[in-house]
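# Working through the structure, step by step
Residues per chain, in single letters:
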Number of protein chains: 2
Amino acid sequence: MHEFAWIADLRRRTPPHPRVPIGIGDDAALLDLSATGHALVTTDMLMEGVDFVLPGTPWPPPGREHLADIRRATPEEAGRKALAVNLSDIAAMAGIPRAAFVSVALPRTGGAELAQGLWAGLAPLAEEFDVALAGGDTNSWDGPLVISITVVGEPGPRGAVRRNGARPGDVLFATGEFGGSLVDWHLTFTPRVREALALAELCDLHALIDTSDGLARDLGHICDESGVGVKLFADRIPIRPAARTGASSDRTSLDRALGDGEDFELLFAVTAVEAEKVEALSQSDKIPCRLTRIGGFHENPARSLVFVDGREVLLENRGWEHFLSDR
Amino acid sequence: MHEFAWIADLRRRTPPHPRVPIGIGDDAALLDLSATGHALVTTDMLMEGVDFVLPGTPWPPPGREHLADIRRATPEEAGRKALAVNLSDIAAMAGIPRAAFVSVALPRTGGAELAQGLWAGLAPLAEEFDVALAGGDTNSWDGPLVISITVVGEPGPRGAVRRNGARPGDVLFATGEFGGSLVDWHLTFTPRVREALALAELCDLHALIDTSDGLARDLGHICDESGVGVKLFADRIPIRPAARTGASSDRTSLDRALGDGEDFELLFAVTAVEAEKVEALSQSDKIPCRLTRIGGFHENPARSLVFVDGREVLLENRGWEHFLSDR
């Protein structure tokens, strides 16, 4: 791990962390995970022009004129997002994030200011979730910004929850709303770490995932790993207002909710009995977000979308293609 | 963590690992670290044109004509190096590497073949050191190759060894040879994981570091963190033959040994009594590499280079600037 002086300076402003007895200033950080003896590890790499577009970047590239008026991300938002997507992955296992390792390839021109912006965005989020910024690797080059973060956490008190435990008869719930994340949400969302831990504490989660690839596609991951099929209730899916505004004759707001991706909401499976508990929770203030029953699992591997008039169509695997990639 | 099908396919060929009960196919990997309850975490990001140059890349860029005839790295060598530098950081703490997380930004053209090459280089090294390839993030974009690896390990049986324990009177040793790493060594070296564990087992290491930034600069890190000075014996420094071949009137082979960097050797401090033990070890087959006494620490913070004729010069902080960066 190499640290340029200026990023080490920034980092020194963050207080030392009791769970990281050895951090900056050594070749590797030492984390105390003796409470559980287990590490949950996830990593995500974000790239300028793929996961966000910074101010001043020539845009759009040829062939992506339809993305010409995308809202630019500030460096702070880009840094925050890079950490938030990793925290969302820890939430998706009902884990507790402990430490983050931040590597960057900074453009040679303006790299120092950019790094300060990234840091100013990610440090408060780390603090909010009590995550130690414990190491990283700082580089500069002739290419665009790349930021790659690894978060190490621990399983929550009830253990890690996987994608593979949904059973026939289980009920499917979702947190929050879906679609239209590109307008703002993908840069501003708060990862559902607290919600996942509260849910795991209060009910028996059979399967859990976060929706980065899109509702349809991530639901498909639960089905694949669990060996079950699903009926998704089209009229029950909570649609983000931005998905309605951005809807067109080509892509309805439902299409957007199913396929846009980067919602970073949770999907989870519980028994029908536990579902009653979840519905009661959704009326209480124990879970600080909307919880909606949006479908049910069955033995037959088919994945379908059921409309309120009884019409049923196979749920296409319409999921996520990265928002800035060619569609 | 997103996985494209083809890299998941490659990874499925690697056997599941007993220490990683949950890996690919979930949002985060779960590692069993209950033996020690601690994680050692390090991360390094390597970039095309900075850490290696692949075949077919236009080279040299303007202003770096002096690097025109650099040896190109194969994709296998680039992948291997990306893992090896991280294993070297774990060695630098006398740790045991357990799992690696591999993120890549692949160029859109030829990315799939490139990824297979990277994998073919890093998978055998992971196997050699019993490191589980437990996750990652696979992306493609319009930029050059970036590969960012995080390795999670555990402290060895004697605990993690830091940079900050060298004391006045301690003796400085080095493994291997220094300088000229750009010719071949930076792509082919074997990280000193076994050597570090054996040394920590057989003697009381006060301080330990690996030399990525260059002998002079990394020795400076030990001095900085330990609050000591050092005398380095110029004639005792083992010089790699490639450093002699590449020497010039501008930069002697000694300059190269002190400053080239990317040697990935170990520097360590032990008491004078322990030094006798180390010298005996260097004659035995318990440590599978050359061990050389190259200096001594003292209370005065000065760092100097002592020649065999008694001449003494302040050791400039000549260390490492990245080999492909402008000097």
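Our structure is the block above this text.
Notes on the structure in this doc start here. Please read all numbers here as calculations on a predicted model, not as lab measurements.

## Observations regarding the sheet that holds strand β1 (residues 29-32) of chain B
Here 5 strands make up an open sheet; going across it, the order is β4(A)-β3(A)-β5(A)-β2(A)-β1(B) and the pairing mixed. Because the sheet does not close on itself, it has two edges, and the strands there are β4 (132-141) of chain A together with β1 of chain B. Averaged over all pairs of adjacent strands, the angle between strand axes in this sheet comes to 20°, irrespective of strand direction. Against the sheet, helix α3 (residues 111-128) of chain A engages β3 (95-107), β4 and β5 (146-155) of chain A, with an angle of about 170° to β3 of chain A.

## Here we look at the packing of aromatic side chains
Aromatic rings in a pair are described by how distant their centres are and how their planes are angled relative to each other. A complete count under the given rule lists 5 aromatic pairs over all chains for this structure. With a centroid separation of 4.3 Å and 15° between ring planes, the pair formed by F189 of chain A and F264 of chain A is classed as stacked. Of the two residues, F189 of chain A sits in the loop between α4 (185-188) and α5 (193-202) while F264 of chain A sits in the loop between α8 (253-259) and β9 (266-270), which places them 75 residues apart along the sequence. Of the two residues, F189 of chain A and F264 of chain A, neither departs from the other in class, the shared state being buried. Taking the centre distance of 5.5 Å and the plane angle of 10° together, the rings of F173 of chain B and F268 of chain B count as stacked.

## Observations regarding unusual backbone geometry
Peptide bonds are mostly trans, and most non-glycine residues show a negative phi. Along the chain, W59 of chain A connects to P60 of chain A via a cis peptide bond; the corresponding omega equals -5°. A positive phi angle, near 55°, is found at A94 of chain B, a position not held by glycine. The topology assignment puts A94 of chain B in the loop between α2 (75-91) and β3 (95-107). For A94 of chain B, a relative accessible area of 1% translates into the label buried. Within the chain, E262 of chain B stands out as a residue other than glycine whose phi angle is a positive 55°. Within the fold, E262 of chain B resides in the loop between α8 (253-259) and β9 (266-270).

## Things to note about the pairing of strand β11 (residues 303-306) of chain B
Residue and element names in this part refer to chain B. When strand β8 (residues 229-233) meets β11, the two strands line up parallel, connected through 4 bridges. Bridge pairing in β11 links F233 to V306. When β11 meets strand β12 (residues 312-314), the two strands line up antiparallel, connected through 3 bridges. Paired with S304 across the strands is L314, a residue of β12. Linkage of β11 to β12, two consecutive antiparallel strands, is achieved through a turn of 5 residues, within which G310 is found at a positive phi near 95°.

## Details of helix α6 (residues 215-226) of chain B
All names here are of chain B. Here α6 contains 12 residues, and its C-alpha end-to-end distance of 16 Å stays within 8% of the 16 Å for a straight helix at 1.5 Å per residue. Along α6, the residues classified as buried are L215, A216, D218, L219, G220, I222, C223 and S226. One or two residues past the end of α6 sits G227, with phi positive at roughly 70°.

## Thoughts on α5 of chain A
Residues spaced three or four apart along an α-helix face the same direction, because each turn holds 3.6 residues. Buried residues of α5 of chain A: V193, E195, A196, A198, L199 and A200 of chain A, and no others. Residues of α5 of chain A that are buried sit in contact with α2 (75-91), β3, β7 (207-210), β9, α9 (272-283) and β10 (291-298) of chain A.

## Re the interface of chain B and chain A
In this assembly, 59 residues from chain B lie in contact with 59 residues from chain A. For the pair chain B and chain A, the summed buried surface comes to about 4800 Å²; carbon and sulfur atoms form 58% of the total. Broken down residue by residue, the surface that chain B buries against chain A is led by D27, M45 and W141 of chain B, which jointly contribute 14%. Taken together, chain B and chain A are joined by 6 salt bridges. Taking the shortest distance from any N to any O, the salt bridge between D27 of chain A and R163 of chain B comes out at 2.9 Å. At the junction of chain B with chain A, the criterion picks out 20 residue pairs in polar contact (both at pLDDT 80 or more). When residues of the side of chain B that touches chain A are assigned to their parent elements, the largest contribution, 9 residues, is made by strand β2 (residues 38-47) of chain B. Per-class residue counts for the side of chain B that touches chain A are 30 nonpolar, 14 polar and 15 charged.

Conventions and cut-offs
- Residues numbered from 1 in each chain as written.
- Chains lettered and ligands numbered in written order.
- Predicted model: local features only at pLDDT ≥ 70, side-chain atom pairs only at ≥ 80, totals over all residues.
- Heavy atoms only, no water.
- Pairing = 2+ DSSP bridges.
- Helix = DSSP H or I, 4+ residues; strand = E, 2+ residues; numbered from the N terminus.
- Axes fitted to C-alpha atoms, helices over the stretch in contact; angles between N-to-C directions.
- Contact = heavy atoms within 4.5 Å.
- Phe/Tyr/Trp six-rings, centres within 6.5 Å; stacked < 30°, edge-to-face > 60°.
- Buried < 20%, exposed > 50% of the residue type's maximum accessible area, 1.4 Å probe, protein only.
- Expected span 1.5 Å × (residues − 1).
- Buried area = accessible area lost by both parts, 1.4 Å probe.
- Salt bridge = Lys/Arg side-chain N within 4 Å of Asp/Glu carboxyl O.
- Polar contact = N/O pair within 3.5 Å; in protein donor to acceptor, adjacent residues only side chain to side chain.
- Nonpolar A, V, L, I, M, F, W, Y, C, P; charged D, E, K, R; others polar.

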